[in-house]
Amino acid sequence: MPANPGTQNAPSIGTTAGPAERPNKTLLFVQSQAPHGTLYGQEGLDAIMMGSAFTECAVLFVGDGIYQLLANQDTSLLASRNYSVSYRALADYGVEKLYCTEADLQQRGLTVADLVVTPCVIDSRALQALMTSFDVILDF
Amino acid sequence: MRFTIVVQGGPYTSQASLSAWHFARAVVATGHEIYRVFFYHDGVYNGNSLLTPPQDETDLHMAWCTLGRDHGCELVVCIASALRRGMLDDGEARRYEKPLANLNKLFIVSGLGQLIDGAISADRTVTFGN
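Residues numbered from 1 in each chain as written. Chains lettered and ligands numbered in written order. Predicted model: local features only at pLDDT ≥ 70, side-chain atom pairs only at ≥ 80, totals over all residues. Heavy atoms only, no water.

Digging into the overall build of chain A
Phase 1: If you tally the helices and strands in chain A, you get three helices and five strands.
Phase 2: The 140 residues of chain A split such that 48% are buried.
Phase 3: Sequence-distant contacts, at least 24 apart, represent 77% of the contacts inside chain A between residues at least 6 apart.
Phase 4: If you sum the accessible surface of chain A, you get close to 6,900 Å²; carbon and sulfur atoms cover 52% of it. (Helix = DSSP H or I, 4+ residues; strand = E, 2+ residues; numbered from the N terminus. Buried < 20%, exposed > 50% of the residue type's maximum accessible area, 1.4 Å probe, protein only. Contact = heavy atoms within 4.5 Å. Areas by Shrake-Rupley, 256 points an atom, 1.4 Å probe, with all protein chains shown as cover.)

Points about helix 1 (residues 16-29) of chain B
All names here are of chain B.
Phase 1: When the terminal C-alpha atoms of helix 1 are compared, their 20 Å separation across 14 residues agrees well with the 20 Å that a helix rising 1.5 Å per residue should span.
Phase 2: If you check which residues of helix 1 are buried, you get A16, S17, A20, W21, A24 and V27. When helix 1 is viewed along its axis, its buried side chains cluster within an angular range of 130 degrees and face the same direction.
Phase 3: A positive phi of about 85 degrees marks G31, the residue just after helix 1. (Expected span 1.5 Å × (residues − 1). Arc of directions from axis to C-beta.)

Regarding the interface of chain A and chain B
Phase 1: Facing the 30 residues of chain A at the interface are 25 residues of chain B.
Phase 2: Summed over both sides, the interface between chain A and chain B buries roughly 2,500 Å², with carbon and sulfur atoms accounting for 56% of that surface.
Phase 3: Inspection of the region where chain A meets chain B yields two salt bridges.
Phase 4: Across the chain A-chain B interface, the total number found is nine residue pairs in polar contact (both at pLDDT 80 or more).
Phase 5: Elements represented by at least two residues in the side of chain A that touches chain B include exactly strand 1 (27-31), helix 1 (40-52) and strand 5 (136-139) of chain A.
Phase 6: Of the residues forming the side of chain A that touches chain B, the biggest block, eight residues, is contributed by helix 1 of chain A. (Buried area = accessible area lost by both parts, 1.4 Å probe. Salt bridge = Lys/Arg side-chain N within 4 Å of Asp/Glu carboxyl O. Polar contact = N/O pair within 3.5 Å; in protein donor to acceptor, adjacent residues only side chain to side chain.)

Some remarks on the confidence of the model for chain A
Residues and elements named next belong to chain A.
Phase 1: Looking at chain A, the pLDDT average stands at 87 and 84% of residues meet or exceed 70.
Phase 2: Within chain A, no element has a lower average pLDDT than helix 3 (residues 124-132), which sits at 94, and none a higher one than strand 1, at 98.
Phase 3: Predicted confidence for residues 1-19 stays below pLDDT 50, and this span has 31 contacts to residues more than four positions away or in other chains. (pLDDT = per-residue confidence, 0-100.)

Thoughts on the sheet that holds strand 4 (residues 120-122) of chain A
All names here are of chain A.
Phase 1: Sheet architecture is open: five strands sit in the order 4-3-2-1-5, paired in parallel fashion. Two strands lie at the open edges of the sheet, namely strand 4 and strand 5, each paired on one side alone. Within the sheet, the average angular offset between the axes of one strand and its neighbour, ignoring direction, is 25 degrees.
Phase 2: Across four bridges, strand 2 (residues 57-61) lies against strand 3 (residues 97-101) in parallel orientation. When the bridges of strand 3 are listed, V59 appears paired with L98.
Phase 3: Those strands touched by helix 1 are strand 1 and strand 2, and its axis lies near 165 degrees from that of strand 1. (Pairing = 2+ DSSP bridges. Axes fitted to C-alpha atoms, helices over the stretch in contact; angles between N-to-C directions.)

Next comes the structure, spelled out in C-alpha cells:
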C-alpha cells in the first residue's frame, strides 16, 4: 500500500516548514500482517508507541493484521513474544483510536469479543474517509 | 518538496529496496529534496558493508552510499531493528562485545523517533516494502 500522498488537511504542495513551525500532523498506522510470521506487527507496534510521544496517532488493522489483536494467544511453543497484550497499554500512551473493518472480521470468523482491545468497526466507505482524514499513513 | 523515504524490505529479498532507491534518485533528479531515508525492519540490511553481489548486478549497498555521499541524503537505520538483525556500527559492536562492525559509516544508527520526526517534518512520506 503506498503512503498517503496527502489530504485536504495537509500543507499545500511546496510547503517546507522548519522545525520551529512544524505542522502538528496526525499519523495513521496501518497494521496489515498477521503476528509472529514476520516482525512487521511487533516492530510496527514499537513505531506506534514512539509516534504517540510526538503527535496524535491512530491504528487501522486491515486484512490479516486483525489477528494481531486476537486474545489468548499462546506463543510459548513459537519462542516468539506475545506482544498482543501490549495493545492494551496503547490507551495509556494516548492512542485510543483503533479501527478495523466489519468485512475483515467476518471473513476470518471473528467478532470484537475475540480481541484483546475493542477497535471501532467501520465499513469500507468509512475506511476510505478515515484514511484520507490523516496527514500521514505509515503501514507495516 | 521534501520527502521522507521509509525502506522496510531487505536488499535482494524483495523489490522494496531497489524501488526505494529508484524513487530516491528520481526525487533528487527532479529538484526535490530528501529529508531522510529511514531503514526499518529488514530494510536495515541495506547498510551492510559486507554485501557482495555478483559484479553484473546492482550493488544496492553502494548505490545507497553514493546517494548519501553525492546528495547529502541522511541515511538512518533503526537501532532496535539493526541490533536484532546483527547490523552494528563500531560503537554498538564495542558495547555488545561483538567481533566486528558491519554498518557502513555513511549510515547513522538512531531511534524510532527519527521515523516519526521524518513523517511529521517532510511534506510527503513514502514507504517501500511490507
